[in-house]
Amino acid sequence: MDLSKYKWKYRILVLNTTCYQDKQYIKSRDLYYKHINDFKIRNVKLLSNRKKGLKFNINLFGFDGTLKFRSETLIPNNLFKLIDKMPMSQIVNVL
């Protein structure tokens, strides 16, 4: 999955799944949309990566394109705390 077009513009939350009917995928996607405004404030875009043989997991990539967090469950408040501590968040809050 090529994330280079998002580099330095967005943080990317990638949901890796084998199929779009996976219960964990649906739950995580719905949680993202439930908290969409909080994710938008933090410049987080959601992408789905469907590929046969993938175990469901969630990856968060920072503005620099590096992996910042990996999990098997999406807990929005934990992600918000992590993102708010990131250096780019600190710069934005100062400005």
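Residues numbered from 1 in each chain as written. Predicted model: local features only at pLDDT ≥ 70, side-chain atom pairs only at ≥ 80, totals over all residues. Heavy atoms only, no water.

**Q** Now, about helix α3 (residues 76-85): what can you tell me, with residues and values included?
**A** Those residues of α3 lying buried are Pro76, Leu79, Phe80 and Ile83. Viewed end-on, α3 has its buried residues packed into an arc of 100°, placing them on one side of the element. Along α3, exposed side chains directed more than 90 degrees from the buried face belong to Lys81 and Lys85. (Buried < 20%, exposed > 50% of the residue type's maximum accessible area, 1.4 Å probe, protein only. Helix = DSSP H or I, 4+ residues; strand = E, 2+ residues; numbered from the N terminus. Arc of directions from axis to C-beta.)

**Q** Just give me the short version of the environment of lysine 51, but keep the residues and values in it.
**A** With respect to the helices, strands and loops of the structure, lysine 51 is situated in the loop between β2 (44-50) and β3 (57-61). Sequence separation between lysine 51 and glutamine 24 is 27 residues, and the spatial gap between their C-alpha atoms is 15 Å. Setting aside residues up to four positions removed in sequence, lysine 51 forms contacts with Thr17 and Thr18. (Contact = heavy atoms within 4.5 Å.)

**Q** Before we move on, could you go through the pairing of β3 and cite the residues and values that matter?
**A** Consecutive side chains along a regular strand alternate between the two faces of the sheet. Where burial is concerned, most of β3 is hidden: 5 out of the 5 residues are buried. Judged by which residues are buried, β3 turns out to be covered on both faces: Asn57, Asn59 and Phe61 on one side and Ile58 and Leu60 on the other are all buried. Bridge analysis of strand β1 (residues 11-17) against β3 gives 5 bridges, and the strand direction is antiparallel. Bridge pairing in β3 places leucine 13 opposite leucine 60. Note: β3 against strand β4 (residues 67-71), 4 bridges, orientation antiparallel. By the bridge assignment, phenylalanine 61 is partnered in β4 with leucine 67. Counting the residues in the hairpin turn of β3 and β4 gives 5 residues, including glycine 65, whose phi is positive at 85°. (Pairing = 2+ DSSP bridges.)

**Q** How would you summarise empty space enclosed by the protein if you had to cite specific residues and measurements?
**A** What the rule picks out here adds up to 1 cavity of 30 Å³ or more. Quantified by volume, the largest cavity comes out at close to 40 Å³. Lining the largest cavity are Leu3, Tyr6, Lys7, Tyr10, Ile12, Phe61, Gly62, Phe63 and Gly65. Here the residues of the lining of the largest cavity are counted per class, giving 6 nonpolar, 2 polar and 1 charged. (1 Å grid on protein atoms, 1.4 Å probe; cavity = no way out; pocket = protein on both sides within 12 Å on 5 of 7 lines; lining within 4 Å. Points joined across faces, edges and corners; volume = space filled by probe spheres on them. Nonpolar A, V, L, I, M, F, W, Y, C, P; charged D, E, K, R; others polar.)

Any link to function would need more than the numbers given here.
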